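Descriptive analysis of the structure
Here's the letter readout for the chains.
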Protein chains: 2
Amino acid sequence: MKEFTQFVAGEQEHITKALQSAVEKMPQSVREIADYALLSGGKRLRPVLTLLWYGLLKTPQALTHKTLTVYDASVVLEMFHVASLLHDDVLDNADLRRGKPSAHLKFGIRPCLLAGDALLAMGNRQMAEFNNTALMTVISDALLKTAAGEVEEIALAGKIPADSREYLSVIEGKTAWIIRSACEVGAIMAGADENGRRLARDFGLNLGMAFQIVDDALDFSAEEIIGKPAGGDLRERKCTPPVHMYAQSLPAEEKDTFVQKFAVLPDPVFEIQKQHAENGFSDEELKAITEQIIAAGYPQKTRELAGEYLAKAEACLRSFDSPCAAVLREAVAYVQNRNK
Amino acid sequence: MKEFTQFVAGEQEHITKALQSAVEKMPQSVREIADYALLSGGKRLRPVLTLLWYGLLKTPQALTHKTLTVYDASVVLEMFHVASLLHDDVLDNADLRRGKPSAHLKFGIRPCLLAGDALLAMGNRQMAEFNNTALMTVISDALLKTAAGEVEEIALAGKIPADSREYLSVIEGKTAWIIRSACEVGAIMAGADENGRRLARDFGLNLGMAFQIVDDALDFSAEEIIGKPAGGDLRERKCTPPVHMYAQSLPAEEKDTFVQKFAVLPDPVFEIQKQHAENGFSDEELKAITEQIIAAGYPQKTRELAGEYLAKAEACLRSFDSPCAAVLREAVAYVQNRNK
């Protein structure tokens, strides 16, 4: 994965500069929060994917602007992503984000929520400068799909569906779509035709699906590796593939008990469905189930499921043979093998 | 004001249909919340202003679209407005909105926050369809300015500034800009030239300033009239004109005490600045000050301040002599005289 890592490292400075320049254009009262939230690091996967698809598909019809560059387009979905992290942290009352105190602990809940709204607006405003309807439609759809996927996820909490359809729909919305959009933004900026845009979309959607599935496998890794206790999704009653595999493995009667207890949601994450916690899992039970899931190898099996999506992503690169294609192939391998 | 009221009544059905049609295009998981929040009534002032400026300035170069109409453009800023109400109600933990239980009590906090984000996205998506950069820039700026104004307002809570500059900057952001934008959207849809757009902007900004100033005067009206206890802004330590006039009227020593107590913010509205409530105003003191503000006629004096902005708004209509201009003049009178 040397080339991917090198590409990411080489582009960081340009991406950071584009983010800084967007923040500087924001009204003074929200600038400090935006700066804190946006410039706290992170892998910048979305901008990197935009840049790679731009490089892969660039034509003489590539979009231009008198002052903005493809870097300024590439950071828009990162701004949306960070806006949604700001909103998430407020609601989760999370203490840490990327190793730093969450913004709302520093600036207050309401200013952070509003700064999230302002980041969404700034992203839109910046993209509008390129004067291209396809770009605006792609980024608006990304935002719409992400929010809808997160709402779907909430509705699904505590449920063990018969198959993986609901789970796949949730992760397509909450994670994969914005990655698909990042790739398509690169294709549009490159002046690609519909075929190029379709390849970018398909690549991004499949890579994004795999990215989230691997994330859900990693959730059952040792605390030393992921920096938080294993089994967080189980505690939040998210039926990710490892949890689903575990439920399916149980004998009928045990499964019924599991399903019933799983349906009791922990407070205060889900304020509307207050139930009697004593009917749900104890901390010891959750720990034991987590250990059984790991011992049964379900996280590894989950990675295999991700492999199917990665194969589809890779297939989108079949007809390309350029340095950008090589780096994108390594991005696929990076998602497959990532350990944190 | 008969013509204005008639115009508003006559357009309600078309505006509601356009809102419904936008909601129907949203992903299923957020549709119910969006429907509840958007279709709860309200004056629809923003769409009405878009329609009136469109009617006033319409040229043969008016923007067209194969399926969408000016009604579909007119509801975009209303969608932004309702999104910000959703976010406000979550943070205020407000029980009621337009006489109905707040959406978050019905659907939960997190789904409502996300549905707010989805509404912002849907508004953007719909406006992008018109394929016009000026429209996208205007609506993104509206969102950016609104959020920034609200953050400024939080920073100003508990402070009694020397003059009205900070207050005017806050209300320009949090209220006036989106009304300015509603008028400018009408002008752009009409295919107006820069001069027409400037008149629409100036009219909207001044009307919006007056609208908020009258709102701040109305905050010191009897509970029977405004449906909530008088002096809410004082309790939230917002230095609106009536509060500022009161502070300026106090003898030096009393004023110092007032300023000190005003600086003690009530919990839990302002979570980051927790202070000892015993150093602040008691409920009895707040009630007494509210009564003094009313007795001194400061709400009425505040309305006079609004009058200056309304005169500027009216001046923008000087060269027009059409039915739409007549209705817009009545809109000015409506803001001046409104009692709730």
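Residues numbered from 1 in each chain as written. Chains lettered and ligands numbered in written order. Predicted model: local features only at pLDDT ≥ 70, side-chain atom pairs only at ≥ 80, totals over all residues. Heavy atoms only, no water.

1. Here we look at the overall build of chain A
- For chain A, the count of helices and strands is 17 helices and 2 strands.
- A compact globule built from 340 residues would reach a C-alpha radius of gyration of about 20 Å, and chain A, at 21 Å, matches this within 12%.
- On the principal axes, the C-alpha backbone points of chain A span a range of 65 × 50 × 35 Å.
- A burial count over chain A gives 58% of its 340 residues as buried.
- For chain A, the proportion of contacts with a sequence separation of at least 24, taken over those separated by at least 6, is 75%.
- Counting only carbon and sulfur atoms, one obtains 51% of the accessible surface of chain A, whose full area is about 14,400 Å².
- One way to put it: in chain A the 38 positive side-chain charges average out to a point 5 Å from where the 47 negative ones average out. (Helix = DSSP H or I, 4+ residues; strand = E, 2+ residues; numbered from the N terminus. Rg over C-alpha atoms; globule rule 2.2 N^0.38 Å. Buried < 20%, exposed > 50% of the residue type's maximum accessible area, 1.4 Å probe, protein only. Contact = heavy atoms within 4.5 Å. Areas by Shrake-Rupley, 256 points an atom, 1.4 Å probe, with all protein chains shown as cover. Lys, Arg positive; Asp, Glu negative; His and termini not counted. Charge placed at Lys NZ, Arg CZ, Asp CG, Glu CD.)

2. Quick notes on the relation of the copies chain B and chain A
- You can overlay chain B on chain A at an RMSD of 0.0 Å; the transform is a turn of 180 degrees with a shift of 0.0 Å along its axis. The operation mapping one copy onto its partner corresponds to a two-fold rotation axis.
- Residue by residue, 100% of the interface of chain B is reproduced at the interface of chain A, so both copies engage with the same surface. (Least-squares fit on C-alpha atoms with pLDDT ≥ 70 in both.)

3. As for the side chain of Asp233 of chain B
Residues and elements named next belong to chain B.
- Turning to its location among the elements, Asp233 is positioned in helix 12 (residues 232-235).
- This buried residue, Asp233, is left without a salt bridge; Lys238 holds the nearest opposite charge, at 4.1 Å.
- The contacts of Asp233, once residues within four sequence positions are left out, are Asp216, Asp219, Lys238 and Thr240. (Salt bridge = Lys/Arg side-chain N within 4 Å of Asp/Glu carboxyl O.)

4. Considering the interface of chain B and chain A
- Opposite the 40 residues of chain B that make contact, chain A presents 41 residues.
- A buried area of about 4,000 Å², summed over both sides, lies between chain B and chain A, and 70% of it is on carbon and sulfur atoms.
- Interface area lost by chain B to chain A is led by Leu91, Arg110 and Leu144 of chain B, which between them contribute 17%.
- Run the count over chain B and chain A and you get 2 salt bridges.
- The shortest N-O distance in the salt bridge between Asp141 of chain A and Arg125 of chain B comes to 2.4 Å.
- Every element with two or more residues in the side of chain B that touches chain A is listed here: helix 2 (28-38), helix 5 (76-92), helix 6 (103-107), helix 7 (109-128) and helix 8 (133-156) of chain B.
- In terms of residue class, the side of chain B that touches chain A is built from 22 nonpolar, 9 polar and 9 charged. (Buried area = accessible area lost by both parts, 1.4 Å probe. Nonpolar A, V, L, I, M, F, W, Y, C, P; charged D, E, K, R; others polar.)

5. Examining the confidence of the model for chain A
All names here are of chain A.
- Per-residue confidence for chain A gives a mean pLDDT of 90; residues scoring 70 or more make up 93%.
- Across chain A, the element-wise mean pLDDT spans from 61 in strand 1 (residues 96-97) up to 98 in helix 4 (residues 70-74).
- Counting interchain partners and residues more than four positions distant, the pLDDT-below-50 stretch residues 269-275 has 13 contacts.
- Here the predicted complex carries an ipTM of 0.82, next to a pTM of 0.87. (pLDDT = per-residue confidence, 0-100.)

6. Some points on the environment of Gln6 of chain B
Residue and element names in this part refer to chain B.
- In this structure, Gln6 sits in helix 1 (residues 2-24).
- On the accessibility criterion, Gln6 (49% relative accessible area) is partly exposed.
- Taking C-alpha positions, Gln6 is 18 Å from Ser74, a pair spaced 68 residues apart along the chain.

7. Structural notes on the packing of helix 1 (residues 2-24) of chain A against helix 17 (residues 323-337) of chain A
All names here are of chain A.
- Here helix 1 crosses helix 17 at 105 degrees, and the two axes come no closer than 8 Å. One finds that helix 1 runs roughly perpendicular with respect to helix 17. Residues Lys2, Glu3, Phe4 and Phe7 of helix 1 form the contact with helix 17, whose own contacting residues are Ala326, Val327, Glu330, Ala331 and Tyr334.
- Of the residues in the contact of helix 1 with helix 17, the class split is 6 nonpolar, no polar and 3 charged. (Axes fitted to C-alpha atoms, helices over the stretch in contact; angles between N-to-C directions. Parallel < 35°, antiparallel > 145°, perpendicular 65-115°, else oblique.)

8. Here's the deal with the packing of aromatic side chains
- Under the counting rule described, the total for this entry stands at 14 aromatic pairs over all chains.
- Aromatic pair Trp53 of chain B and Phe320 of chain B: ring centres 6.3 Å apart, planes at 85 degrees, arrangement edge-to-face. Here Trp53 of chain B is found in helix 3 (residues 45-57), whereas its partner Phe320 of chain B is found in the loop between helix 16 (298-315) and helix 17 (323-337), with 267 residues between them in sequence. Here Trp53 of chain B matches Phe320 of chain B in class, with each residue buried.
- Grouping aromatic residues by their ring pairs yields a cluster made of Tyr246, Phe258, Phe262 and Phe281 of chain A.
- Between the NZ or CZ atom of Lys145 of chain A and the centre of the ring of Trp177 of chain A, over which it lies, the distance is 4.3 Å.
- The positively charged end of Arg180 of chain A is found above the aromatic ring belonging to Trp177 of chain A, 3.9 Å away from the centroid. (Phe/Tyr/Trp six-rings, centres within 6.5 Å; stacked < 30°, edge-to-face > 60°. Lys NZ or Arg CZ within 6 Å of the ring centre and 35° of its normal.)

9. Focus on the pattern of salt bridges
- According to the stated counting rule, one finds 30 salt bridges over all chains in the structure shown.
- The residue Asp215 of chain A makes a salt bridge to Arg338 of chain A at a minimum N-O spacing of 2.5 Å. Taken together, the positions of Asp215 of chain A in helix 10 (residues 194-218) and Arg338 of chain A in the segment after helix 17 put the pair 123 residues apart, joining distant regions of the chain.
- Arg338 of chain A gets classed as buried once you look at its relative accessible area, which sits at 5%.
- With its nearest N and O atoms 3.0 Å apart, the salt bridge here joins Arg44 of chain B to Glu78 of chain B. With Arg44 of chain B in the loop between helix 2 and helix 3 and Glu78 of chain B in helix 5, this pair connects stretches of sequence that are 34 residues apart. Accessibility assignment for this pair places Arg44 of chain B and Glu78 of chain B in one class, buried.
- One network of salt bridges, with partners in common, ties together Glu153, Lys174, Glu236 and Lys238 of chain A.

10. Section: unusual backbone geometry
- Of note, the phi angle at Arg237 of chain A is positive, near 60 degrees, even though the residue is not glycine.
- Its location among the elements puts Arg237 of chain A in the loop between helix 12 (232-235) and helix 13 (241-249).
- For Arg237 of chain A, a relative accessible area of 4% translates into the label buried.
- You will see that Arg44 of chain B, though not glycine, has its phi angle at about 60 degrees, which is positive.
- Classification of Arg44 of chain B by relative accessible area gives buried; the value is 4%.

11. A look at the packing of helix 5 of chain B against helix 9 (residues 165-189) of chain B
Residues and elements named next belong to chain B.
- Following both chains from N to C, one finds helix 5 and helix 9 inclined at 160 degrees, their axes separated by 10 Å at the closest point. In terms of orientation, helix 5 and helix 9 fall into the roughly antiparallel class. Seen from above, helix 5 lies across helix 9 with right-handed handedness. On the side of helix 5, the interface is formed by Leu77, Phe80 and His81, while helix 9 contributes Ile178, Ser181, Ala182 and Val185.
- Considering only residue class, the contact of helix 5 with helix 9 consists of 5 nonpolar, 2 polar and no charged. (Left-handed = near helix turned anticlockwise from the far one by under 90°.)

12. Quick look at the nonpolar core
- Trp53 and Phe203 of chain A together with Trp53 and Phe203 of chain B are the most contacted members of the largest nonpolar core, which totals 201 residues.
- Among the elements that line this core, the one with the most residues is helix 9 (residues 165-189) of chain A, at 13 residues. (Core = buried A, V, L, I, M, F, W, Y, C linked by side-chain atoms within 4.5 Å.)

13. Some remarks on the environment of His87 of chain A
- Among the secondary structure elements, His87 of chain A is positioned in helix 5 (residues 76-92).
- Relative accessible area serves as the criterion here: at 1%, His87 of chain A is assigned to the buried category.
- Taking the C-alpha atoms as reference, His87 of chain A lies 6.5 Å from Gly116 of chain A; in sequence the two are 29 residues apart.
- Residues in contact with His87 of chain A, not counting those within four places in the same chain, are Cys112, Leu113, Gly116 and Asp117 of chain A together with His87, Leu113 and Asp117 of chain B.

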